[in-house]
Amino acid sequence: MNTPSLEIKELAFAYPDGNQALYGVNLSVQQGERVALLGPNGAGKTTLVMHMNGIHPTSHGSIHVAGQLVDSKNKESIKEIRAKVGIVFQDPDDQLFMPTVGEDVAFGPYNMGKRGADLDSIVDDALNLVGMLEFKDRPPHHLSFGQRRRVAVATVLAMKPEILVLDEPSSNLDPASRRELADILRSLDITMVMVTHDLPYAYELCARSVILKGGVIVADGSTHEILTNSALLAANRLELPVGFSIK
Amino acid sequence: MHSLPSHLKIIAALAFILIVVSTPVTQWPAFIAYFIWLLTVVLIAKIPVSLLLKRSLIEIPFVFFAILMPFFGSGEKVQVGPFDLYREGLIAGSGIVVKGTLGVMTAIILSTSTTAREILRGLERLKLPMLMVQIASFMLRYVNVVNDEMERMKVARESRGFEATGIKHWKVLATAAGALFIRSYERGERVHLSMLSRGYEGVLPQEHQYKINGSTWLAAMVYPLVAALIFVAQLLIGKM
């Protein structure tokens, strides 16, 4: 078997104020898999994501990304990890901080040492993947929310990550933008972890789902199985939209 | 003119202002010449004069006291129309108004012919400390975001029947300002997190330095050079 893209073992974490967010999370994601990370608000989803690239230091347990240990004390290795784990944040305004779309997409690869024509072609390729190449010289605040979300995905794709982590990718999108983003995400040949409350979106994009509740993984299986288990969903404050049913 | 490298334009504007400021205000023909030259540049740059005048209004609070100066002071008095004005104050006041107006109009020419982003790039090329350029460029990026947030908070207040009419509503406004500050601060933290996630290590991507040939330099420097000629001319005339 290949090395998994993401391997989390017994990860536990408490905030400095003593509030424990994770109580021993185990999760393994294989290369090319798309996994939905479901769970109610306050389940620790964002905390878990922040561990994946060493923003939160691992205090207990371990995380490996493509076989490499996430160790926030090792400056060189953390730099490689952050290139391997691409996080798309929920609010694109937090992610797009440079004056133009092109410069923002260039930010990550620049930090990885890319320059000149090499950098230009990476930026163009990434913007092309999300269909935003024509907006390269525009400032982000002139774009619609859906366009900004797509550019946010491009900023991360430009780093050629091993694994793409999306925090609530469908939030605040109108139906057409939501579908367009789904098409883009489906077209990418990359390992993906998608944090979401949007169960139909998870069903559409991810074959596998895990439920995080109270700082532990309480369910791990095929999305179809999980979403058809109404007792499991109810126990974890998850609900399918009214009128939506899975056969 | 719009396409000149921004850092040259910044240098040219600064040089022009320095020359204007160092001309003694008593040499008033020189100032008329400066004004004519400035208006010529405005016309060449195809900046609408109405826009120039409208933006110049920003100067008013700054020259307000200069206008008052001739009314207060001591020493020799001169009769100007219906007013009995102090000579010293008149000279100092008119100096501030005239030089201030030339300075402001130069800044307006710079800002209308250059995007804010380009001015920042220019400052970066002029080796302004990176930290200052970064702060200014983040301000530029987020001023709209924060403004929208402020607008939404205002709409939310008004939707619940609030209307700021007097001092008794300052408490509400102060609370809103506080909330806006906290929100912006938190956003700052989230932006920083997202920067770290993409490998930020304290340096923003910098453009490659590019070579500028003599004719570009010359084109950019025509603006202060003509002013310098006027300056030299008034010196010579003054000596005669």
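The structure displayed is predicted, hence computed values, not measured ones. (Residues numbered from 1 in each chain as written. Chains lettered and ligands numbered in written order. Predicted model: local features only at pLDDT ≥ 70, side-chain atom pairs only at ≥ 80, totals over all residues.)

Asks: Account for the overall build of chain A, with residues named and values stated.
Replies: The helix and strand inventory of chain A stands at 10 helices and 10 strands. Relative to the globule expectation of 18 Å for 247 residues, the C-alpha radius of gyration of chain A, 18 Å, shows essentially globular dimensions. With the principal axes as the frame, chain A shows a C-alpha extent of 55 × 45 × 40 Å. In chain A, buried positions account for 46% of the 247 residues. (Helix = DSSP H or I, 4+ residues; strand = E, 2+ residues; numbered from the N terminus. Rg over C-alpha atoms; globule rule 2.2 N^0.38 Å. Buried ≥ 20, exposed ≤ 12 C-beta atoms within 10 Å, placed from the backbone.)

Asks: Explain the overall build of chain B to me, using residue names and the numbers behind them.
Replies: Each helix and strand counted, chain B has nine helices and two strands in total. In chain B, the order of α-helices and β-strands from amino to carboxyl end is α-α-α-α-β-β-α-α-α-α-α. A compact globule built from 240 residues should have a C-alpha radius of gyration of about 18 Å, whereas chain B, at 24 Å, is more than 25% larger. Across its three principal axes, chain B shows a C-alpha extent of roughly 70 × 55 × 30 Å. Evaluated residue by residue, chain B yields a buried proportion of 20% over its 240 residues.

Asks: Could you give an account of the environment of Val143(B), naming the residues involved and the relevant values?
Replies: Considering the arrangement of structural elements, one finds Val143(B) in helix H7 (residues 130–159). Spatially, the C-alpha atom of Val143(B) lies 22 Å from that of Gln206(B), the residues being 63 residues apart in sequence.

Asks: Let's hear about the interface of chain B and chain A: which residues, and what values?
Replies: Contacts between chain B and chain A engage 20 residues on the former and 22 residues on the latter. Counting residues per element, the ones that place at least two in the side of chain B that touches chain A are H7 and helix H8 (170–197) of chain B. Broken down by element, the side of chain B that touches chain A gets its largest block of residues, eight residues, from H8(B). Looking at the side of chain B that touches chain A, its residues break down into nine nonpolar, five polar and six charged. (Contact = placed C-beta atoms within 7 Å. Nonpolar A, V, L, I, M, F, W, Y, C, P; charged D, E, K, R; others polar.)

Asks: Give me the domain arrangement of chain B: which residues, what numbers.
Replies: When the domains of chain B are assigned, the result is domain 1 (6–116 + 210–239) and domain 2 (129–197). A separation of 36 Å is found between the C-alpha centroids of domain 1 of chain B and domain 2 of chain B. (Domains from an automatic or database assignment.)

Asks: Please give an account of the nonpolar core that cites residues and values.
Replies: In this structure, Leu37(A), Ala154(A), Val165(A), Val193(A) and Met194(A) are the most contacted members of the largest nonpolar core, which totals 73 residues. Ignoring sequence-local partners within four residues, the contact set of Leu37(A) consists of Lys45(A), Val193(A), Met194(A), Val195(A), Val210(A) and Leu212(A). Counting 22 residues, the second largest nonpolar core, distinct from the first, contains Tyr34(B), Leu38(B), Val98(B) and Tyr223(B). (Core = buried A, V, L, I, M, F, W, Y, C linked by C-beta atoms within 7 Å.)

Asks: I'd love a proper account of the sheet that holds strand S8 (residues 191–195) of chain A, names of residues and values included.
Replies: Residue and element names in this part refer to chain A. Spatially, the six strands line up as an open sheet ordered S6-S7-S8-S3-S9-S10, and their pairing is mixed. Across the chains shown, the open sheet's two edge strands, defined by having one partner strand only, are strand S6 (85–88) and strand S10 (216–222). Pairs of neighbouring strands in the sheet enclose a mean axial angle of 20°, with direction left out of account. Relative to S8, strand S3 (residues 34–38) is paired through four bridges, and the arrangement is parallel. (Pairing = 2+ DSSP bridges. Axes fitted to C-alpha atoms, helices over the stretch in contact; angles between N-to-C directions.)

Asks: I'd like a rundown of the environment of His60(A), residues and numbers included.
Replies: Residue and element names in this part refer to chain A. Within the secondary structure layout, His 60 lies in strand S4 (residues 60–65). C-alpha of His 60 to C-alpha of Pro 40: the two residues are 20 residues apart in sequence and 23 Å apart in space. Apart from the residues lying within four places of it in its own chain, the contact partners of His 60 are Glu 10, Leu 11 and Ala 12.

Asks: Go over the pairing of S6(A) with me, naming the residues and quoting the values.
Replies: All names here are of chain A. Because side chains alternate across S6, one face comprises the buried residues Val 85 and Ile 87, and the other comprises Gly 86 and Val 88, equally buried. In the sheet, S6 pairs with strand S7 (residues 163–167) via four bridges, with the strands oriented parallel. Residue Gly 86 lies in a different strand from S7, and its bridge partner there is Leu 164.

Asks: Explain helix H9 (residues 214–239) of chain B to me, using residue names and the numbers behind them.
Replies: Along an α-helix, a turn takes 3.6 residues, which lines up residues three or four apart on a common side. Residues and elements named next belong to chain B. The sharpest bend along H9 reaches about 50° and sits at Val 222, with the proline Pro 224 one to four residues further on. Buried within H9 we find Ala 220, Tyr 223, Pro 224, Ala 227, Ile 230, Phe 231 and Gln 234. Contacts from the buried residues of H9 go to helix H1 (6–22) and helix H2 (28–44). (Bend = angle between axes of the 7 residues up to and from the residue.)

Asks: Lay out the sheet that holds strand S1 (residues 6–14) of chain A with the relevant residues and their values.
Replies: All names here are of chain A. Taken together, the four strands give an open sheet; going across it, the order is S2-S1-S4-S5, and neighbouring strands pair in antiparallel fashion. The two strands at the open ends of the sheet, each matched to only one other strand, are strand S2 (20–29) and strand S5 (68–69). In this structure, S1 lies alongside S4, joined through five bridges in antiparallel fashion. Within S4, the position partnered with Ile 8 by the bridge is Ile 63.

Asks: Can you break down the packing of H7(B) against H8(B) residue by residue, with the values?
Replies: Residue and element names in this part refer to chain B. As a packed pair, H7 and H8 sit with axes 11 Å apart at the nearest point and diverge in direction by 140°. The handedness of the crossing between H7 and H8 is right-handed. Across the interface between the two elements, Val 146, Glu 149, Met 150, Met 153 and Arg 157 of H7 pack against Ala 176, Leu 180, Arg 183 and Ser 184 of H8. Of the residues belonging to the contact of H7 with H8, the class tally is five nonpolar, one polar and three charged. (Left-handed = near helix turned anticlockwise from the far one by under 90°.)

Asks: Give a detailed account of the environment of Val145(B), specifying residues and quantitative values.
Replies: Among the structural elements, Val145(B) can be located in helix H7. According to the C-beta neighbour criterion, Val145(B) is partly exposed, with 18 such atoms within 10 Å. Sequence separation of Val145(B) and Phe71(B) is 74 residues, and the distance between their C-alpha atoms is 46 Å. Leave out the neighbours within four places in its chain, and Val145(B) touches Asp93(A) and His141(A).

Asks: Give a detailed account of the packing of helix H4 (residues 60–68) of chain B against helix H5 (residues 87–113) of chain B, specifying residues and quantitative values.
Replies: All names here are of chain B. One way to put it is that H4 packs onto H5 with a least axis distance of 7 Å and a crossing angle of 155°. Taken together, the axis directions place H4 and H5 in an arrangement best described as roughly antiparallel. Between H4 and H5 lies a crossing of left-handed hand. Between H4, through Phe 62, Val 63, Ala 66 and Ile 67, and H5, the contact on the second element is made entirely by Gly 93, Ile 96, Val 97 and Gly 100. Among the residues forming the contact of H4 with H5, the class breakdown is six nonpolar, two polar and no charged. (Parallel < 35°, antiparallel > 145°, perpendicular 65-115°, else oblique.)

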